[in-house]
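Letter by letter, the chains look like this.
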Amino acid sequence: MPPGFLPRLSKTPGLCGALAGLVFGLMGLQATAAPPSEAAPPAEVSAPPITPPVQAKPAPKVAPRPKPATAPAPDLPVASAVPASAADIEAFTDSVIPALMKRDHVLGTTVAIVQGGKPLLIKGYGYDRLSPARATNGYTSLFRIGSITKTFTWIVARQEIEAGRIKLDGPIANYLPPDIYREDRRYKPLRMRDLMAHTTGYEDTSLGHLFQLDPTHLQGTDSYLRRHTPMRVRDRGQFSSYSNFGAALAAMTVVQTSKARDVPGLMEARIFKPLGLNHTTLREPYDPQTSLSELPTPMSRDLAAKLSSGFLWDGATWQTEPFDHTIAMSGALGASSTAADMSRYMALLLGNGQLDGVQIFGPSSANAFRSPLLKLPKGYNGWASGFVMREHPSGVMTYGHGGATLWFNANMILVPELDIGIYVAANTQTGEALTEAYPDLLLAHLKGESPNPAPLRPGSDMSYGSHRAYYDAIAGQYASTRRAYSGLEGAITRLINTVDVDFDTNGRMILSSGDGMAAYVPAGTSGFFLPEDRGNSGTGLNSGSLRVAFKPEGGKAVAFETSSNMTRYERIGWVHNPQTLGGFTKLVLVSCLVVLVGLTRQHHQNNPTEAQTRAAWLSYAIAFMWLLAIWAFSDWRAGLGSDPSSLFINWPSGMVRMASGLAFLAALGTALQFALMFWVWQDAQYYTDGWSLTQKIGHTALMAFWALYSLVLVMWGALNWWS
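Everything numeric in this text was worked out from a predicted model, so none of it was measured.

1. With respect to the packing of aromatic side chains
Okay, so step 1: Using the criterion set out here, one finds 27 aromatic pairs in the structure.
Okay, so step 2: Between the aromatic rings of W721 and W722, the centroid separation amounts to 5.7 Å while the plane-to-plane angle is 85°, which identifies the pairing as edge-to-face.
Okay, so step 3: In this structure W721 comes out as partly exposed when scored by relative accessible area, which is 35%.
Okay, so step 4: The structure contains a cluster of three or more aromatic residues connected by ring pairs, namely Y464, Y470, Y471, F503, F529 and F550.
Okay, so step 5: The cationic tip of R483 hangs over the ring face of Y485; the distance from NZ or CZ to the ring centre is 4.0 Å.

2. Some words on the pattern of salt bridges
Okay, so step 1: Tallying each qualifying case throughout the model produces 27 salt bridges.
Okay, so step 2: With its nearest N and O atoms 3.7 Å apart, the salt bridge here joins R144 to E284. Taken together, the residues span a long stretch of sequence, with R144 in strand β4 (residues 143-144) and E284 in the loop between α6 (263-275) and α7 (301-306) at a distance of 140 residues.
Okay, so step 3: The buried category is assigned to R144, whose relative accessible area is 1%.

3. What about a nonpolar patch on the surface?
Okay, so step 1: There is a patch of nonpolar side chains on the surface, built from F624, L628, W631 and M658 and spanning about 400 Å² of accessible area.
Okay, so step 2: W631 gets classed as partly exposed once you look at its relative accessible area, which sits at 49%.

4. So, the packing of helix α2 (residues 149-162) against α6
For any two helices packed against each other, the geometry comes down to the angle between their axes and how far apart the axes lie.
Okay, so step 1: Relative to each other, α2 and α6 sit at 85°, their axes nearing to 10 Å. Looking at the two axes, α2 sits roughly perpendicular to α6. Listed contacts from α6 to F152, T153, I155, V156, Q159 and E160 of α2 are L266, M267, R270, I271 and F272.
Okay, so step 2: Class assignment of the residues belonging to the contact of α2 with α6 gives a composition of seven nonpolar, two polar and two charged.

5. What about unusual backbone geometry?
Most peptide bonds take the trans configuration, and most residues that are not glycine carry a negative phi.
Okay, so step 1: Put simply, S131 and P132 share a cis peptide bond, and its omega is -5°.
Okay, so step 2: Looking at where P132 falls in the secondary structure, it is placed in the loop between β2 (118-129) and β3 (134-135).
Okay, so step 3: Between W651 and P652 the backbone carries a cis peptide bond, its omega angle lying at -5°.
Okay, so step 4: Here P652 shows up in the loop between α15 (646-649) and α16 (654-675).
Okay, so step 5: By secondary structure assignment, the location of S131 is in the loop between β2 and β3.
Okay, so step 6: On the basis of relative accessible area, S131 is assigned to the exposed category, the value being 75%.
Okay, so step 7: One non-glycine residue, K259, lies in positive phi territory at about 60°.
Okay, so step 8: With respect to the helices, strands and loops of the structure, K259 is situated in the loop between α5 (244-258) and α6.

6. So, the confidence of the model for the chain
Okay, so step 1: A residue-level look at the chain finds 85% of positions with pLDDT of 70 or above and a mean pLDDT of 86.
Okay, so step 2: Note on residues 1-60: pLDDT under 50 across the span, and 253 contacts to partners over four residues away in sequence or across chains.
Okay, so step 3: Predicted confidence is poor over residues 69-80, with pLDDT under 50, and the contacts of this stretch with residues over four places away or in other chains come to 21 contacts.

7. Re the side chain of S141
Okay, so step 1: Within the secondary structure, S141 sits in the loop between β3 and β4.
Okay, so step 2: Judged by relative accessible area, S141 falls into the buried class, the value being 2%.
Okay, so step 3: A polar atom in the side chain of S141 sits 2.6 Å from the side chain of D128.
Okay, so step 4: Engagement of the side chain of S141 in a polar contact is seen with the backbone nitrogen of N137, the distance being 2.8 Å.

8. Regarding the environment of L349
Okay, so step 1: Turning to its location among the elements, L349 is positioned in helix α8 (residues 339-350).
Okay, so step 2: Residue L349 is classed as buried on the basis of its relative accessible area, which comes to 7%.
Okay, so step 3: Through-space distance from the C-alpha of L349 to that of I360 is 9.5 Å; in sequence the pair is eleven residues apart.
Okay, so step 4: Excluding anything up to four places from it in sequence, L349 contacts I155, F361, R370, F387, M412 and L414.

9. Points about the nonpolar core
Okay, so step 1: Ranked by size, the top nonpolar core spans 101 residues in total, and within it F152, M192, I271, Y345 and Y423 carry the most contacts.
Okay, so step 2: Judged by nonpolar contacts, the second largest core, of 34 residues, contains L627, L662, M677 and V680.

10. So, the sheet that holds β3
Okay, so step 1: Read across the open sheet, the seven strands follow the order β3-β2-β1-β13-β12-β11-β10; overall the sheet is antiparallel. Every interior strand has two partners, whereas the edge strands, β3 and β10 (388-391), have only one.
Okay, so step 2: Of the strand pairs in this sheet, strand β11 (residues 397-404) and strand β12 (residues 409-415) are connected by six bridges, and their pairing is antiparallel. Within β12, the position partnered with G400 by the bridge is I413.
Okay, so step 3: Against the sheet, helix α1 (residues 86-104) touches β1 (108-115), β2 and β13 (420-426), its axis set at about 25° to β2.

11. Considering the pairing of strand β5 (residues 310-313)
Okay, so step 1: Residue alternation in β5 divides its side chains into two sets, G310 and L312 and F311 and W313, and both sets are buried.
Okay, so step 2: The sheet contact formed by β5 and strand β6 (residues 318-321) spans four bridges and is antiparallel. Looking across to β6, one finds that F311 is bridged to T320.

12. Some details on the sheet that holds strand β15 (residues 498-503)
Okay, so step 1: The antiparallel closed barrel is built from eight strands, whose spatial order is β14-β15-β16-β17-β18-β19-β20-β21. When the angles between neighbouring strand axes are averaged without regard to direction, this sheet yields 30°.
Okay, so step 2: Bridging between strand β19 (residues 546-550) and strand β20 (residues 557-562) involves five bridges; their strand directions are antiparallel. If you follow F550 over to β20, its bridge partner there is A557.

13. Notes on the packing of helix α14 (residues 610-640) against helix α18 (residues 693-716)
Okay, so step 1: Look at α14 against α18: their axes get within 12 Å of each other, and the N-to-C directions meet at 35°. Both α14 and α18 take part in a crossing whose hand is left-handed. Facing Q612, A615, S619, I622, A623 and W626 of α14, the residues of α18 in contact are K696, H699, M703, W706, Y709, S710 and L713.
Okay, so step 2: Tallied by class, the residues present in the contact of α14 with α18 amount to eight nonpolar, four polar and one charged.

Parameters at a glance
- Every chain is numbered independently, its residues counted from 1 as its sequence is written.
- Owing to the predicted nature of the model, reporting of local features is limited to residues with pLDDT of at least 70; listing and counting of side-chain atom pairs is limited to 80 or more, with chain, interface and lining totals taken over all residues.
- Calculated side-chain values reflect all of the structure's heavy atoms, with hydrogen atoms and water omitted.
- In this analysis, rings of Phe, Tyr and Trp, with Trp reduced to its six-membered ring, are considered paired at centre separations within 6.5 Å, and the interplanar angle assigns stacked below 30 degrees, edge-to-face beyond 60, and tilted for intermediate values.
- A 1.4 Å probe rolled over the protein chains alone gives each residue an accessible area, and that area as a share of the maximum for its type sets the label: buried under 20%, exposed over 50%, partly exposed in between.
- By the criterion adopted, a ring carries a charge over it if an Arg CZ or a Lys NZ lies within 6 Å of its centre and within 35 degrees of its normal.
- By convention in these notes, a salt bridge is any Lys or Arg side-chain nitrogen within 4 Å of a carboxyl oxygen on Asp or Glu.
- Helical segments are the DSSP runs of H or I of at least four residues, strand segments are the runs of E of at least two, and each set is numbered from the N terminus.
- Patch criteria: residues need more than 30% relative accessible area and no salt bridge. Like-charged residues are merged within 9 Å; nonpolar side chains of Val, Leu, Ile, Met, Phe, Trp and Tyr are merged within 5 Å.
- Here, Shrake-Rupley sampling with a 1.4 Å probe gives the accessible areas, and only protein chains in the shown set may cover a residue.
- Working convention: axes come from line fits to C-alpha atoms, limited for helices to the stretch in contact. Angles between N-to-C directions cover 0 to 180 degrees.
- Every angle not falling under 35 degrees, over 145, or within 65 to 115 is termed oblique; those three ranges are roughly parallel, roughly antiparallel and roughly perpendicular.
- Whether two residues are in contact is decided by their heavy atoms: any pair within 4.5 Å suffices.
- Each residue is assigned to one of three groups, with Ala, Val, Leu, Ile, Met, Phe, Trp, Tyr, Cys and Pro labelled nonpolar, Asp, Glu, Lys and Arg labelled charged, and all others, Gly among them, labelled polar.
- On a range of 0 to 100, pLDDT expresses the predictor's confidence in each residue.
- Think of a polar contact as two N or O atoms within 3.5 Å of one another; within protein, one of them needs to be a possible hydrogen donor and the other a possible acceptor, and neighboring residues in sequence only count if both atoms come from side chains.
- To form a nonpolar core, buried Ala, Val, Leu, Ile, Met, Phe, Trp, Tyr and Cys residues must be joined to one another through side-chain atoms within 4.5 Å.
- In short, DSSP must find at least two bridges between two strands for them to pair.
- Handedness of a crossing follows from how the near helix is turned relative to the far one, being left-handed for an anticlockwise turn of less than a right angle and right-handed for a clockwise one.

Spelled out as structure tokens, the structure:
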């Protein structure tokens, strides 16, 4: 969710977007380097030529997993770490995890650490259920792992590539039924490469359908993909913008080419059963007889009994929440696993696809999972066949994935150089910061480094006064590309995914959004910035180093992106600036109050004409509808603070739809006023009757202002109450 997008759309693991805070020694440059040179355009994403695809043919049985070659994978780093002490890791974890749980109000956490193919720590903390209370067990407690599920899909996709049934650069339309997926002829065909690198160009629509709490209203993946296909808003390969839909599409592709029945069964046959992951599943607890469409076989009763509950911290206590179903997006979200199973899975990944004599993928795939698909600056996530790449502040390269559902958060970090894997999951919606912080703290501990390095500061020669034009070219408002692009959902996601960029007198870049604030300092290369707080492993805007994209001919910056490469933030005009919308709304509010006050003073007015009387009463009605619309929206948005998950669950909210509908009627009423304007301005029969010239001008100006406000709302998509 991935997901800072309230609530967590930018999290990868979305809303909901989460991003780990780190410092990248970007190209060997320091924050106190010389003043920036002329701004350069961002690095281009490579797009290899399309090769002819292999046409998949349906068959009743699952195609066998290809037998991988036994030669060692090329170009993989050799582990050089001194073996870590299991006792030391457990003692460190026993002190850190409870402290983080207390800080973040997390009820239960599970942890797994592996090195050299062996587990060093498998342990649970806190509780996985209440009423009655049940302690978390690293071997038996199943936690939801969110978008870490995608890594299973990427492994099977690589298996299909090894077998020749999928071409990395072949159009996926050749593998999928046309009723599930059709190419948009305005753009180049999508390839598996684009799905793995999140460069599909899809918008991100997820409100109201990504999670389902009612087990009697579940959809199968086929039905979901037909009903909720997002728009493509740009061509493939331009830049990454994290897409759950793209991963689900990849999962359906491998189901078709492998001739499997469904995604959960395919993952069991290809990964879980061969590895002995008996407590890992993509299945969910439900009664298939009560669903709206055909679903996979549900989770077994034995595993369902071991599931951890999901919890919501309401500021005073933990509330047990219902199971948040994601079976419709199987392969992108929704897997459940134990720390013990995740330890074996990490050992497989660190072992280049082999564990205990079982080989799941071959050398070419092992190399692909550590090689970026995209050509990006050093330290930036180039998506290693779907795996997130990250350079730790200590300089080691890590691979893995984060994940979240409505209530659960999880993180998996692999460090091939140290031959170590770290997995941590939390069963409370407040656990995102814990799952991001613990791996960094543990790595700093193992390398003997300070977990709280001194913050960076801009050099004295980087002040705002010295580089005013450069900083002014970057300052402004930017909106995340990980959002809906039309309709009411587009208006809401744009509103809460906008970031304000400004600079202080010292030359620090200050990013502000509804998710909080973050500070960056200039690097030595034009357009690059480093996070001031190098020890912050939190979420939201603290998302690694940052680079700014300028137009080739110069001028103002057009976009920026962070090293996590989950989304791009594009500059927006004044119309789509939330401050513009807020300012207009306040002025409309004041004007409506003035109009309604005039209703109480009617007996002091001149005798209006019949047309003017109708116009006056219509103005009162319009003002009342504007006020109701503003109140309904404000009340709904205030409610998100106490329950952010409602944005996903209860969409479209009745209050939002009512606000949009009332605003739509008010806009129609305003248009009607212009239709009546000729008669309003017509002179009265007697010179003592009718509005004065001042009243006519005031009425016209008011209608013009309301019409302008309506036009702004139309451009936002806020009047599409039916969407």
